[in-house]
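Inside the fold
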Amino acid sequence: MLARVEARRAPLAEYDQGLAWSAILLLVLGLVMVYSASIAMSENARYTGNSATYFLTRHGLFLAVSLVAAMVAFQVPTRVLQRAAPWLFVAGVVMLALVLVPGIGREVNGARRWISLYVLNLQPSEFMKIAAVLYTADYTVRKAPVMDSLSRGLAPMLAVMLVVGWLLLREPDFGAFVVISSTAMAILFLGGMNGRWFAGLIGLAAAGFVVLVLSSPYRVQRIFGFMDPWADAFGKGYQLSHALIAFGRGEWFGVGLGASVEKLMYLPEAHTDFLLAVIAEELGFVGVAAVVGLFAWIVFRAFVIGRQAALHERHFSALVAQGIGTWLGVQGFINMGVNMGVLPTKGLTLPLMSFGGSGILANCIALAILLRIDWENRQLMRGLPA
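Description of the structure in this document. Residue positions within a chain follow its written sequence, with the count starting from 1. With pLDDT at 70 or above as the cut-off, local features in this predicted model cover only qualifying residues; side-chain atom pairs require 80 or more to be listed or tallied, and sums for whole chains, interfaces and linings still use all residues. With hydrogens and water stripped out, all remaining heavy atoms of the structure feed into the side-chain values.

**Some details on the overall build of the protein chain**
Worth spelling out the cut-off: To qualify as a helix, a DSSP run of H or I must reach at least 4 residues; to qualify as a strand, a run of E must reach at least 2; elements of each kind are numbered from the N terminus. Any residue under 20% of the maximum accessible area for its type is buried, any over 50% is exposed, and the rest in between are partly exposed; the area is computed with a 1.4 Å probe on protein chains only. For every accessible area listed, the method is Shrake-Rupley and the probe measures 1.4 Å; residues are considered covered only by the protein chains on display. Positive: Lys, Arg. Negative: Asp, Glu. His and the chain ends are not part of the count. A charge is said to be at NZ when it belongs to Lys, at CZ for Arg, at CG for Asp and at CD for Glu.
Helix and strand counts for the protein chain stand at 13 helices and 3 strands. With the C-alpha coordinates aligned to their principal axes, the bounding extent of the protein chain is approximately 65 × 50 × 40 Å. Counting across all 386 residues of the protein chain, residues that qualify as buried make up 48%. Accessible area of the protein chain: about 17900 Å², with a carbon and sulfur share of 68%. Seen as two clouds, the 28 positive and the 21 negative side-chain charges of the protein chain have centres 9 Å apart.

This is how it looks when you write it as structure tokens:
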């Protein structure tokens, strides 16, 4: 009883402050860099009203809404999330299907990935990442006794993910498919999947990747453009060549905030997919290293929080925490690799930083869930109810 009273009087350290501040720093830096990267586009696009602050205003609004949604999500106990996981997953699949319906889904640059809500565009694949993490974690916990079985453990989950993959590739959104499938596989492995089945799944995924690339001319062009962007610097290697120029100009400390040349209508998607290249040009190696370090810390803390949850036998919470860490780590790694020229060009934003309402909202909700898991861990360590 005395221990319980003392726990209630203890100084408030009920959440991972390092994790929270790392996320806040990335969000704030993202807001600043989105503004810097988008000024030229804002001033030269009709739909922006030639306002230099168009993207800054919208991104700030997205951040405000996302932070409010994160505070609400933090209040939801993980046991409630576990019960809701299958229904959230079904809702995500329905939204992915609606994107493909003419009149509902909105097509931009040949891709149909958005549902128009008039005021803004909703991208279901971003919320599917959260739903996939929750559902895969719940499935793994429920099927733990039969995870060694191919027919009863792996096959049902594989069938479900193939449906999701088919819907994503119809958009097409190959990047989201890679992130979701990688995250689901990691959760299954961490949840105790048979090692032989996991190795076979990796082989199957690799073979599927090769088939998908070879079956699509534009994906083949991206692969060859990635291998030697300078061979066709004004064609298929255009984006990557200008991203590399931005990295080269930045050197150690950058050319200064706001002084980027590549953002002046040279580097496409400077405020979304290639935001890191603008960071590299303006803030240099030091700025990029800081971003990489903050992401690495978030991923590290996610796995530590997951391990702590597992020690308390909160297996669903453990897998969700590690799944969120895998998601942010894989997507961040791919975006950074594309910007640096070590991976083929792929349309994936930098989590927590790039312009985009759906992505920022999904990322903030995911981090709120992660902080909630950590908070529940700390409550249990204090002998208090989670």
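**Re the pairing of strand β2 (residues 111-116)**
Cut-off, in case you're wondering: For two strands to pair, DSSP has to find at least two bridges joining them.
Buried residues dominate β2, accounting for 5 of its 6 residues. The pairing of β2 with strand β3 (residues 121-122) spans 2 bridges and is antiparallel. Looking at the pairing, I115 lines up with L122 of β3. What sits between β2 and β3 in their antiparallel hairpin is a turn of 4 residues, with Y118 showing a positive phi close to 70°.

**Topic: the pattern of salt bridges**
In plain terms, the rule: Whenever a carboxyl oxygen of Asp or Glu lies within 4 Å of a side-chain nitrogen of Lys or Arg, that contact is scored as a salt bridge.
Scanning the entire structure with this criterion turns up 8 salt bridges. Several salt bridges converge on common partners, so that one network encompasses R314, R372 and E376.

**Some thoughts on the sheet that holds β3**
Read from one edge of the open sheet, 3 strands run β1-β2-β3, paired in antiparallel fashion. Looking at the sheet topology across the chains shown, the edges are occupied by β1 (105-108) and β3.

**A look at the environment of P124**
Spelled out, the test is: Only heavy atoms matter for contacts: two residues are in contact if any of them lie within 4.5 Å across the pair.
Within the fold, P124 resides in helix α5 (residues 124-142). Given a relative accessible area of 2%, P124 falls into the buried group. Between the C-alpha atom of P124 and that of E281, which follows or precedes it by 157 residues, the distance is 32 Å. Sequence-distant contacts of P124, defined by excluding residues within four places in its chain, comprise M95, L96, V99, R113 and I115.

**As for the layout of surface pockets**
The line we're drawing: For cavity detection a 1 Å grid was placed over the protein atoms alone, and a set of points counts as a cavity when a 1.4 Å probe fits there but cannot get out; an open set counts as a pocket when protein lies on both sides within 12 Å along at least five of seven lines, with lining residues being those that have an atom within 4 Å of a point. Grid points are joined across faces, edges and corners, and a volume is the space filled by probe spheres set on the points. Under the scheme applied, nonpolar residues are Ala, Val, Leu, Ile, Met, Phe, Trp, Tyr, Cys and Pro; charged residues are Asp, Glu, Lys and Arg; polar residues are all the others, including Gly.
There is about 970 Å³ of room inside the second largest pocket. Lining the second largest pocket we find 37 residues, and of these F177, V178, S181, A205 and F209 sit closest to its centre. At the level of elements, α6 (150-170), α7 (174-190), α8 (195-214), α9 (217-227) and α12 (315-340) are the ones that each hand at least two residues to the lining of the second largest pocket. Taken together, the residues of the lining of the second largest pocket sort by class into 28 nonpolar, 6 polar and 3 charged.

**Quick word on the environment of S260**
Convention followed: In protein, a polar contact requires one atom able to donate a hydrogen and another able to accept it; more generally it is a pair of N or O atoms within 3.5 Å, and residues adjacent in sequence count only if both atoms are side-chain atoms.
You can see S260 is positioned in the loop between α10 (238-250) and α11 (275-311). Residue S260 is classed as buried on the basis of its relative accessible area, which comes to 3%. Spatially, the C-alpha atoms of S260 and A280 are 9.4 Å apart, while their sequence positions differ by 20 residues. Excluding residues within four positions of it along the chain, S260 makes contact with V255, V278, E281 and E282. A polar side-chain atom of S260 sits 3.4 Å from the main-chain amide nitrogen of E262.

**Focus: the nonpolar core**
In summary, soluble globular proteins display a tendency toward joint burial of nonpolar side chains. Stated precisely, the cut-off is as follows: Side-chain atoms within 4.5 Å are what join buried Ala, Val, Leu, Ile, Met, Phe, Trp, Tyr and Cys residues into a set we call a nonpolar core.
With 72 residues, the main nonpolar core has V291, V320 and M353 as its most contacted residues. Aside from chain neighbours lying at most four places away, what touches V291 is L26, L29, L276, I279, M336, L350 and M353. One finds Y135, L167, L168 and L188 within the second-largest nonpolar core, a separate group that totals 22 residues.

**Observations concerning α12**
Threshold: To estimate how far a helix should extend, the number of its residues minus one is multiplied by 1.5 Å.
Look at α12: 37 Å from first C-alpha to last across 26 residues, which is about the 38 Å you get at 1.5 Å a residue. Extensive coverage of α12 is indicated by the burial of 21 of its 26 residues. Positive phi appears at G341, one or two residues downstream of α12, with a value of about 85°.

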